[in-house]
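# Examination of the molecular architecture
Each chain, letter by letter, is given below.
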Amino acid sequence: MSDLLLETRNLSKHFFFRKGLPFARSKSVIRSVDGINLQVRAGQTFGLVGESGCGKSTTARLLLRLMEPTEGEILFDGAPVHQATGPALNAYRSNIQTVFQDPYGSLNPRMKVREIIAEPMIATGRFSRTQIDHRVAELLELVNLSPRMAQQGPHEFSGGQRQRIAIARALALNPRLLILDEPVSALDVSVRAQILNLLADLQDELGLAYFMISHHLELVASMCDWIAVMYLGRIVEQGPARQIADNPRHPYTKALFASALTVNPGPLKTEQRKIEGEVPSPLNPPKGCHFHPRCPLAMDVCRQVAPPSVPGPDGSVATCHALTQSVAA
Amino acid sequence: MTTTDAPPLTSPTLRRAKRRLTTLFGLPIIPVLLLAPMVICGLFGPWIWPHDPLGISFGIRLLPPPWLEGGNWSYILGTDQFGRDLFSRLIEGARIALIVSTVSVSVAAVIGTAVGMMAGYYGGVIDMILMRIVDVKMSIPPVLLTILIGAALGGGLATILISIILVFWADYARVIRGETLALKRTGYVQLAKVANVSDRRIFLRHLLPNLAPTCIVLMTLQFGASLVIEAAITFIGLGIQPPASAWGLLVADGRTYLSTAWWIPTFAGLAIALTALGANLLGDWLRDYFDPKLKKR
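Residues numbered from 1 in each chain as written. Chains lettered and ligands numbered in written order. Predicted model: local features only at pLDDT ≥ 70, side-chain atom pairs only at ≥ 80, totals over all residues. Heavy atoms only, no water.

### A look at the overall build of chain B
- The secondary structure content of chain B amounts to 10 helices and 2 strands.
- Counting helices and strands in the order they occur from the N terminus, chain B gives α-β-β-α-α-α-α-α-α-α-α-α.
- Overall size of chain B, expressed as C-alpha extent along the three principal axes, is 75 × 60 × 40 Å.
- Across the 297 residues of chain B, 46% fall into the buried class.
- Put simply, of all contacts in chain B between residues at least 6 apart along the chain, 70% involve residues at least 24 apart.
- For chain B, the exposed area adds up to about 15,100 Å²; of that, 71% sits on carbon and sulfur atoms.
- Computed over 25 positive and 16 negative side-chain charges, the separation of the two mean positions in chain B equals 11 Å. (Helix = DSSP H or I, 4+ residues; strand = E, 2+ residues; numbered from the N terminus. Buried < 20%, exposed > 50% of the residue type's maximum accessible area, 1.4 Å probe, protein only. Contact = heavy atoms within 4.5 Å. Areas by Shrake-Rupley, 256 points an atom, 1.4 Å probe, with all protein chains shown as cover. Lys, Arg positive; Asp, Glu negative; His and termini not counted. Charge placed at Lys NZ, Arg CZ, Asp CG, Glu CD.)

### So, the interface of chain B and chain A
- Counting from both sides, the interface comprises 17 residues of chain B and, opposite them, 23 residues of chain A.
- Across the chain B to chain A interface the summed buried area is about 1,800 Å²; carbon plus sulfur atoms make up 53%.
- It is Leu-191, Val-194 and Asn-196 of chain B that lose the most area in chain B upon contact with chain A, and together they represent 35% of the buried surface on that side.
- Put simply, chain B and chain A have 3 salt bridges between them.
- Between Glu-119 of chain A and Arg-201 of chain B there is a salt bridge, with its nearest N and O atoms 3.5 Å apart.
- At the junction of chain B and chain A, the tally comes to 15 residue pairs in polar contact (both at pLDDT 80 or more).
- Where the side of chain B that touches chain A is concerned, the elements lending two or more residues are helix H7 (187-194) and helix H8 (199-235) of chain B.
- Here the side of chain B that touches chain A is composed, by residue class, of 8 nonpolar, 6 polar and 3 charged. (Buried area = accessible area lost by both parts, 1.4 Å probe. Salt bridge = Lys/Arg side-chain N within 4 Å of Asp/Glu carboxyl O. Polar contact = N/O pair within 3.5 Å; in protein donor to acceptor, adjacent residues only side chain to side chain. Nonpolar A, V, L, I, M, F, W, Y, C, P; charged D, E, K, R; others polar.)

### Focus on the sheet that holds strand S10 (residues 234-240) of chain A
All names here are of chain A.
- Pairing is mixed across the open sheet formed by 8 strands, whose spatial order is S6-S7-S8-S3-S9-S10-S12-S11. Edge positions in the open sheet fall to strand S6 (96-99) and strand S11 (309-311), since each of these has one partner strand only. Within this sheet the neighbouring strands show an average axis-to-axis angle of 20°, counted without direction.
- Pairing of strand S9 (residues 226-231) with S10, which is carried by 6 bridges, proceeds in the antiparallel orientation. In the strand pairing of S10, Ala-228 is matched with Gln-238.
- Sheet contacts for helix H6 (residues 189-206): strand S3 (45-49), strand S7 (177-181) and strand S8 (209-214); angle to S8, the most-contacted strand, approximately 155°. (Pairing = 2+ DSSP bridges. Axes fitted to C-alpha atoms, helices over the stretch in contact; angles between N-to-C directions.)

### Here's the deal with the packing of helix H3 (residues 113-124) of chain A against H8 of chain B
- At a minimum axis separation of 13 Å, H3 of chain A and H8 of chain B run at an interaxial angle of 175°. Here H8 of chain B runs roughly antiparallel to H3 of chain A, going by the angle between their axes. On H8 of chain B, the residues that touch Glu-115, Glu-119 and Ile-122 of chain A of H3 of chain A are Arg-201, Arg-205 and His-206 of chain B.
- Here the residues of the contact of H3 of chain A with H8 of chain B are counted per class, giving 1 nonpolar, 1 polar and 4 charged. (Parallel < 35°, antiparallel > 145°, perpendicular 65-115°, else oblique.)

### So, the pairing of S9 of chain A
Residues and elements named next belong to chain A.
- Extensive coverage of S9 is indicated by the burial of 6 of its 6 residues.
- Neither face of S9 is open: one carries Trp-226, Ala-228 and Met-230, the other Ile-227, Val-229 and Tyr-231, and all of them are buried.
- Following S9, the chain reverses through 2 residues before pairing antiparallel with S10; Leu-232 in that reversal takes a positive phi of roughly 50°.

### A few points about the environment of Arg-132 of chain B
Residue and element names in this part refer to chain B.
- The residue Arg-132 is located in helix H4 (residues 124-139) in this model.
- A residue is classified by how much of its surface remains accessible, and Arg-132, at 44% relative accessible area, is partly exposed.
- The spacing of Arg-132 and Trp-49 is 83 residues in sequence and 48 Å in space, taken between C-alpha atoms.

### Considering a nonpolar patch on the surface
- Together, Val-39, Ile-40, Leu-43, Phe-44, Trp-47 and Ile-48 of chain B give the surface a local cluster of nonpolar side chains, amounting to about 610 Å² of exposed area.
- Tracing the backbone through its elements, the reader meets Phe-44 of chain B in helix H2 (residues 29-48). (Patch = residues over 30% accessible without salt bridge, like charges linked within 9 Å, V, L, I, M, F, W, Y side chains within 5 Å.)

### Topic: the sheet that holds strand S5 (residues 79-80) of chain A
Residue and element names in this part refer to chain A.
- Across the sheet, which stays open at both edges, the 4 strands sit in the order S2-S1-S4-S5 with antiparallel pairing between neighbours. Of all the strands in the sheet, just strand S2 (26-41) and S5 have a single pairing partner and so form its edges.
- By the bridge criterion, 2 bridges tie strand S4 (residues 71-76) to S5 in an arrangement that is antiparallel. Note on S5: the bridge partner recorded for Phe-76 is Ala-79.
- Seen against the sheet, helix H1 (residues 56-63) touches strand S1 (4-19), S2 and S4 and runs at an angle of roughly 115° to S1.

### Let's talk about the environment of Leu-157 of chain B
All names here are of chain B.
- Along the chain, Leu-157 falls in helix H6 (residues 157-184).
- The spacing of Leu-157 and Val-197 is 40 residues in sequence and 42 Å in space, taken between C-alpha atoms.
- Beyond its immediate chain neighbours, meaning those up to four positions away, Leu-157 contacts Ile-96, Val-100 and Ile-240.

### Considering the pattern of salt bridges
- Taken as a whole, this structure holds 20 salt bridges over all chains when the rule is applied.
- As a salt-bridge pair, Glu-7 of chain A and Arg-9 of chain A come within 3.4 Å of each other at their nearest N and O atoms.
- In this structure Arg-9 of chain A comes out as partly exposed when scored by relative accessible area, which is 38%.
- A salt bridge links Arg-303 of chain A to Asp-300 of chain A; its shortest N-O distance comes to 3.2 Å. Highlighted residues: Arg-303 of chain A and Asp-300 of chain A, both in helix H10 (residues 300-304), separated by 3 residues, approximately one helical turn.
- Within the structure, one salt-bridge network assembled from shared partners comprises Glu-115, Glu-119 and Arg-169 of chain A together with Arg-201 and Arg-205 of chain B.

### So, the environment of Arg-162 of chain A
Residues and elements named next belong to chain A.
- Within the fold, Arg-162 resides in helix H5 (residues 159-170).
- Classification of Arg-162 by relative accessible area gives buried; the value is 8%.
- In this view, Arg-162 contacts Pro-103, Tyr-104, Leu-107, Pro-154, His-155 and Phe-157; residues no more than four positions away in its chain are not counted.
- Reaching out from Arg-162, the side chain makes a polar contact with the backbone oxygen of Pro-154 at a distance of 3.0 Å.

### Structural notes on the nonpolar core
All names here are of chain A.
- Core analysis: the largest hydrophobic core is formed by 60 residues, its most contacted members being Ile-117, Ile-165, Ile-167, Ile-227 and Val-229.
- No other element matches H6, which puts 6 residues into this core.
- Excluding residues within four positions of it along the chain, Ile-165 makes contact with Leu-107, Val-113, Ile-116, Ile-117, Leu-145 and Phe-157.
- Among the nonpolar cores identified, the runner-up in size contains 35 residues, and Leu-62, Tyr-92, Leu-177 and Phe-211 belong to it. (Core = buried A, V, L, I, M, F, W, Y, C linked by side-chain atoms within 4.5 Å.)

### Focus: unusual backbone geometry
- Phi is positive for Asp-77 of chain A, which is not a glycine, with a value near 55°.
- Residue placement: Asp-77 of chain A occurs in the loop between S4 and S5.
- In this model, Asn-196 of chain B sits at a positive phi of 60°, which is unusual for a non-glycine residue.
- Structurally, Asn-196 of chain B can be placed in the loop between H7 and H8.

### Considering the side chain of Ser-28 of chain A
- Mapped onto the elements, Ser-28 of chain A comes out in strand S2.
- Contacts of Ser-28 of chain A, omitting those with residues within four sequence positions, involve Phe-15, Phe-16, Phe-17, Lys-19 and Leu-283 of chain A.

Right, here's the structure in full:
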């Protein structure tokens, strides 16, 4: 196991709001991210999967400090950064950068590529003009674009090229961790492979760690070293990618991977039946285990008590009552 | 029944034909034609006017335009009750109109945009305080505000400018705040924050350039409105004072002579209406021009 780079402890983001008429308001809370513990290791790819609305992107925004966590800690290199301000926050942010899903919204239409890529460097105020020009050319080459493109505007580029520009910008300050929020899901299928290969090459070349958010299971299974599965703000199962993809233990993970299309679909195993119904409203999540209304294995205890974490092979953890039952039995 | 192969009404060919008819050197013909006289007269008045706009000569009082009986081609729009050349006075009035419109609209735009950006970007308490101030402003009738300022400062250019600025800035604040709220959520502003870009730089490099089209369109529309307000303030006697010339003043002075010398208020009124129309048309054109959804070709 390589070095621990980023760690979250009991990280939570709750949104409070009032609804109803004045003087008769009730307070509501949405627990978008509810006490999650993650560990991202240097040079490795961490995959966070889940359905839309489960809190994946909120987690990314918390890690980027675009949002303040309600509770919990974020540690980078062992140092807490969840309350960092000023120089400490700047230092943290030069180590983590991000690439968003939408390559069209990520680039300011009124800037030249040079300025877009150089912006993190300009913001530090530590680089001269020639240093910046040099580095921009270097970064453009790194993402397989021509340095001549620096003088062009973003509207002259395709989605794939824009995403390369976004990656080049993210790498400007030599970060150690890139947070990739659905980095290829807005792209054409033909371009996806190129961007994923580029990301893989950059990881080898620069020793980057990735925190990849996706709802694309095959992609995560093939790209990631470690996978965490999120459901309604909680991590239901996490572990080494092969372990999670091949031998999922949590019924939600099983259903998730069973629902992904395979090349040779065979008959579904009884346990891997597709799950029915919708994700419950995060405003009013089910008691006990959030998954119990849709779970084929739901028992009485699931409806009352939040499930415990049950360790599995290779450091994987699943939170499910059914697993404790089978251990006890 | 419609035939399926008929080109839609907004086909590129049709749009190109329309653009060729309505624009010259990339500029819309009609708005420019309506605005140009005011701008040229405003800038070069003293070299254009044929007579001193303040030159009184009682011998030629209330001279009608030359195409009427008793008219004189030297005074192509006639003269007023003091024998001053109306054409020259209109040109002099264009200068006041130009100063008032440009200064008041620019200052209002700067104040309003700054307030709107701060409210939209920072949100929370700052947003609440600034927007409540805007609400308070919106609830005061503009005419009342103008009369109050006029009472405090007396009539004059300053009263006009302050009144128009106070009336207009809140429009910018509202519109710009809304746009800023949307811009704040775009990927590039979020990425700028992640890259530790200072708020100042986010305002100047990310927000302002993307707000500029909206701001320019609003300024053009308000340019037209400011002409009308300037005329109205002058008309009620709180604006430009005689013997100086302003379009609103010509209308106000001339209205007592409407039955005997209709030309005094009429041409000034036309100047106000046509110039304001030009500004509004230009604003509409700019709005389409900046709209990415209607982008050329």
